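If you want the building blocks of each chain, they are given just below.
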Amino acid sequence: MNEYVIGVDLGTSAVKVSAMDREGQIAAQQSYGYDLHQPHPGYSEQDPRDWLYGTTIAMDRLILRDGLKAEEIKGISFSGQMHGLVLLDADGNVLRPAMLWNDTRTTKQCQEIMDKLGDKFIDITGNRALEGFTLPKLLWVKENQPEIWAKAKSFLLPKDYVRFVMTGKQAIDYSDATGTVLYDIKKGTWSKEICDAFDIPMSMCPPLIRSIDEAGTVTDNYSMFSGLKKSTRVFGGGGDNACGAVGAGILKPNMVMSSIGTSGVVLKYEPDANVNYHGALQYECHAIPDTYYSMGVTLAAGHSLNWFKHTFAADEDFTEMVNRAAKRPLGANGLLFTPYVVGERTPYADADIRGSFIGVDSMQNKYDFVRAVIEGITFSFRDILNIYDQHGQDFDTVVAIGGGAKSDFWLQLQANIFNKKVVSLTNEQGPGLGAAMLAAVGLGWYDSLQDCAKKFVHFGKSYEPQAAAVATYNDLYKVYHQVYDQTKDLSHQLMTLRNNWD
Ligand SMILES: Nc1ncnc2c1ncn2[C@@H]1O[C@H](COP(=O)(O)OP(=O)(O)O)[C@@H](O)[C@H]1O
Ligand SMILES: O=C(CO)[C@@H](O)[C@H](O)COP(=O)(O)O
């Protein structure tokens with residue numbers, strides 16, 4: 001009999017499920033898309049039921065369309081979009097739409113957190129309070145929706161909610177717990193000090209589990225709807241970037257990952273909890289037990305390109321649009337784009353900054369604009385790499401994952417803008433692959449994630465920096481780097497006007 005593990009990658013644009021055999025070969029994949037709701041500037045929400053339906057339908061299709069037998073599915077684990085607040089009542093019902101990682105309505109609450117605890121907050125959590133994180137969202141609900149807050153008994157993160165419905169048990173894994181900023185990174189527990197400071201009952205924080213720990217088995221109900229066997233073992237899983245890093249083989253300090261999904265991420269493996277970037281980068285528990293990672297996040301990486309496509313090239317094929325942009329000259333005929341279309345997180349924690357095109361010229365065409373968007377997103381990653389440079393961190397290889405890594409052009413562009421070797425994976429399902437590996441190790445198929453990586457992770461093509469392009473992009477980056485400072489006052493004035501119109 002064949003035996004499979006399933007990695008569920010609960011992304012922002014879609015859920016992708018991948019079935020893998022013991023040798024790390026992909027047996028089948030399915031995905032299901034869902035909407036993002038942005039009812040006001042800075043708001044970003046999804047209905048947790050959409051994640052649930054999407055995951056169940058995708059899982060059903062693995063069985064009905066791809067012919068996997070339910071009894072062959074031995075284990076399931078998750079990779080989830082991080083930080084999103086799913087608020088539950090005493091019976092485990094969802095109380096309001098989930099507030100996502102790119103929801104930036106909580107600037108006031110972040111300020112209050114930092115005013116009250118300051119550096120102590122960074123010491124405890126490893127992070128500054130930023131709008132996307134879960135604690136400020138809890139405080140926002142408490143302040144603005146007291147009738148909902150009164151019913152709230154616990155909270156979960158996105159993938160933990162899907163796992164809860166699957167198994168009937170609530171838990172959060174350590175890699176996602178750090179992203180709540182309610183977690184004490186040195187003690188390895190929920191922080192009583194932070195909960196007390198902001199009057200969050202400790203009882204709201206669910207039990208903590210490791211990414212490779214068994215969280216339960218499939219409930220009667222979920223078995224009936226999904227076609228999964230009740231004996232299927234379900235493992236903790238991790239935040240999407242931790243899982244992406246596992247699936248990309250980022251298992252030692254000299255390697256860095258770049259991920260172009262809805263968000264953009266530059267991530268580095270860290271062996272212990274003592275490295276201090278003073279909040280300039282996020283610091284999180286890894287999905288590999290007792291290890292950590294740091295990262296910087298561009299809020300709208302793939303999201304900027306998707307926005308441009310929906311708005312100006314809705315009828316075009318995505319790949320064709322990117323291929324046409326690749327044929328435009330380096331630097332898009334003098335057009336620069338900053339990807340701050342939903343505000344920014346790293347290096348500018350600024351909810352009110354907005355994107356701009358600088359250098360618009362009547363000789364440019366639509367594909368210069370697409371190219372400028374792609375180049376601008378990649379320059380924003382270089383801003384993050386600069387922070388690592390400033391902290392004396394050195395590495396020579398970047399492993400690229402995410403939807404953006406499907407494009408040869410974008411992979412080469414990363415090598416040229418970063419001036420580093422960029423390596424792709426033979427299958428770019430980084431986070432889903434990482435999630436499947438967590439289930440494989442949880443089941444005992446492998447002794448460790450490092451062992452599992454030897455079978456499951458396969459590096460693909462390498463992209464070396466091209467000297468002439470590197471020089472051109474160095475010059476352009478010097479201009480790009482000034483755009484934030486020179487446009488922030490204008491963006492803030494516009495945001496004040498918009499808020500008055502609402
Ligand atoms: N062929 C392609 N070329 C370049 N970028 C792509 C391509 N296909 C998808 N993308 C980008 O990848 C992003 C989706 O990446 P993915 O890792 O699936 O996101 P998420 O996990 O956030 O749902 C999209 O926002 C899109 O901009
Ligand atoms: O906020 C973060 C990390 O801190 C994001 O990376 C989210 O975890 C969403 O990821 P994608 O949907 O872009 O994969």
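Residues numbered from 1 in each chain as written. Chains lettered and ligands numbered in written order. Predicted model: local features only at pLDDT ≥ 70, side-chain atom pairs only at ≥ 80, totals over all residues. Heavy atoms only, no water.

- The protein chain is annotated in an unreviewed UniProt entry as Xylulose kinase of Limosilactobacillus panis.
- Turning to the protein chain, the UniProt annotation filed under Function (unreviewed entry) states: "Catalyzes the phosphorylation of D-xylulose to D-xylulose 5-phosphate."
- Database annotation for the protein chain, UniProt heading Sequence similarities (unreviewed entry): "Belongs to the FGGY kinase family." (UniProt positions renumbered as here; feature names shortened; annotations may be inferred.)

## Considerations on the overall build of the protein chain
- Per the secondary structure count, the protein chain includes 16 helices and 24 strands.
- Expected size for 502 residues packed as a compact globule is a radius of gyration near 23 Å; at 22 Å, the protein chain falls within 12% of this value.
- Reported as C-alpha extents along the three principal axes, the dimensions of the protein chain are approximately 65 × 50 × 45 Å.
- Per-residue burial over the protein chain gives 62% buried out of 502 residues.
- Pairs at least 24 residues apart make up 72% of the contacts formed inside the protein chain by residues separated by at least 6 positions.
- Each charge sign in the protein chain was given a centre, from 47 positive and 60 negative side chains, and these centres are 2 Å apart. (Helix = DSSP H or I, 4+ residues; strand = E, 2+ residues; numbered from the N terminus. Rg over C-alpha atoms; globule rule 2.2 N^0.38 Å. Buried < 20%, exposed > 50% of the residue type's maximum accessible area, 1.4 Å probe, protein only. Contact = heavy atoms within 4.5 Å. Lys, Arg positive; Asp, Glu negative; His and termini not counted. Charge placed at Lys NZ, Arg CZ, Asp CG, Glu CD.)

## What about the confidence of the model for the protein chain?
- Chain-level pLDDT for the protein chain is 96 on average; 100% of the residues reach the 70-or-more range.
- What the predictor reports for the complex is a pTM of 0.94 with an ipTM of 0.96. (pLDDT = per-residue confidence, 0-100.)

## Focus: the site of ligand 1
- Surrounding ligand 1, one finds 20 residues, the nearest of these being Ser13, Lys16, Thr262, Asn306 and Gly403.
- Within the backbone of Gly403, an N or O atom sits 3.0 Å from an oxygen atom of ligand 1.
- At the level of secondary structure, the elements contributing two or more residues to the shell around ligand 1 comprise strand 2 (14-21), helix 10 (302-312) and helix 11 (318-326).
- Per element, the largest residue contribution to the shell around ligand 1 is four residues, and it comes from helix 10. (Near = heavy atom within 4 Å. Polar contact = N/O pair within 3.5 Å; in protein donor to acceptor, adjacent residues only side chain to side chain.)

## Description of the UniProt feature "site: Important for activity" (unreviewed entry) in the protein chain
- The UniProt feature table records "site: Important for activity" (unreviewed entry) at Asp9.
- By the secondary structure assignment, Asp9 is in strand 1 (residues 4-10).
- In this structure Asp9 comes out as buried when scored by relative accessible area, which is 5%.
- Those residues in contact with Asp9 that sit more than four places away from it in its chain are Ala14, Val15, Lys16, Ser79, Pro431 and Gly432.

## Focus on the packing of aromatic side chains
- Within the structure shown, the criterion is met by 25 aromatic pairs.
- Ring plane angle 40° and centroid distance 4.9 Å describe the contact between Phe337 and Phe357, whose orientation is recorded as tilted. Here Phe337, found in strand 20 (residues 336-338), pairs with Phe357, found in strand 21 (residues 356-358); they are 20 residues apart in sequence, far enough to count as distant.
- Each ring, one from Tyr340 and one from Tyr484, has its centre 6.1 Å from the other, and the planes form 85°; the classification is edge-to-face. Taken together, the residues span a long stretch of sequence, with Tyr340 in the loop between strand 20 and strand 21 and Tyr484 in helix 16 (residues 467-501) at a distance of 144 residues.
- Ring pairs connect the aromatic residues Trp307, Phe308, Phe312, Phe337, Phe357 and Phe369, which therefore count as one cluster. (Phe/Tyr/Trp six-rings, centres within 6.5 Å; stacked < 30°, edge-to-face > 60°.)

## Thoughts on the pattern of salt bridges
- Considering all chains together, one arrives at 29 salt bridges under this definition.
- With a closest N to O distance of 2.6 Å, Arg233 and Glu214 form a salt bridge. A residue pair is termed long-range when its members are at least 10 positions apart, and Arg233 in strand 14 (residues 233-235) and Glu214 in strand 13 (residues 214-217) qualify at 19 residues.
- Overall, Arg233 belongs to the partly exposed group, its relative accessible area being 30%.
- A network of salt bridges, in which partner residues are shared, links Lys159, Asp160, Arg163, Asp173 and Asp176. (Salt bridge = Lys/Arg side-chain N within 4 Å of Asp/Glu carboxyl O.)

## Re the site of ligand 2
- Near ligand 2 you find 15 residues, and of these Thr12, His83, Asp240, Ser263 and Arg345 are the closest.
- Contacts to ligand 2 include Gln282, whose side-chain N or O atom sits 3.1 Å from an oxygen atom.
- Interatomic distance of 2.8 Å between a side-chain N/O atom of Arg345 and an oxygen atom of ligand 2.
- Contact with the protein chains removes 94% of the 380 Å² of surface that ligand 2 exposes when unbound.
- Broken down by secondary-structure element, the contributors of at least two residues to the shell around ligand 2 are helix 9 (240-247) and strand 19 (292-298).
- Partitioning the shell around ligand 2 into residue classes produces five nonpolar, eight polar and two charged. (Areas by Shrake-Rupley, 256 points an atom, 1.4 Å probe, with all protein chains shown as cover. Nonpolar A, V, L, I, M, F, W, Y, C, P; charged D, E, K, R; others polar.)

## Considering unusual backbone geometry
- With an omega of 0°, the peptide bond between Thr346 and Pro347 qualifies as cis.
- Residue position: Pro347 is located in the loop between strand 20 and strand 21.
- Even without glycine at this site, His278 takes up a positive phi of about 55°.
- Secondary-structure assignment places His278 in the loop between strand 17 (264-270) and strand 18 (282-285).
- Non-glycine residue Asn333 carries a positive phi angle of around 55°.
- Locating Asn333 in the fold gives a position in the loop between helix 11 and strand 20.
- Of the residues examined, Asn333 reaches a relative accessible area of 26% and is grouped as partly exposed.

## As for a nonpolar patch on the surface
- Where nonpolar side chains cluster on the molecular surface, the patch consists of Leu494, Leu497 and Trp501 and spans about 370 Å² of accessible area.
- Accessibility expressed as a relative area gives 64% for Trp501, which makes it exposed. (Patch = residues over 30% accessible without salt bridge, like charges linked within 9 Å, V, L, I, M, F, W, Y side chains within 5 Å.)

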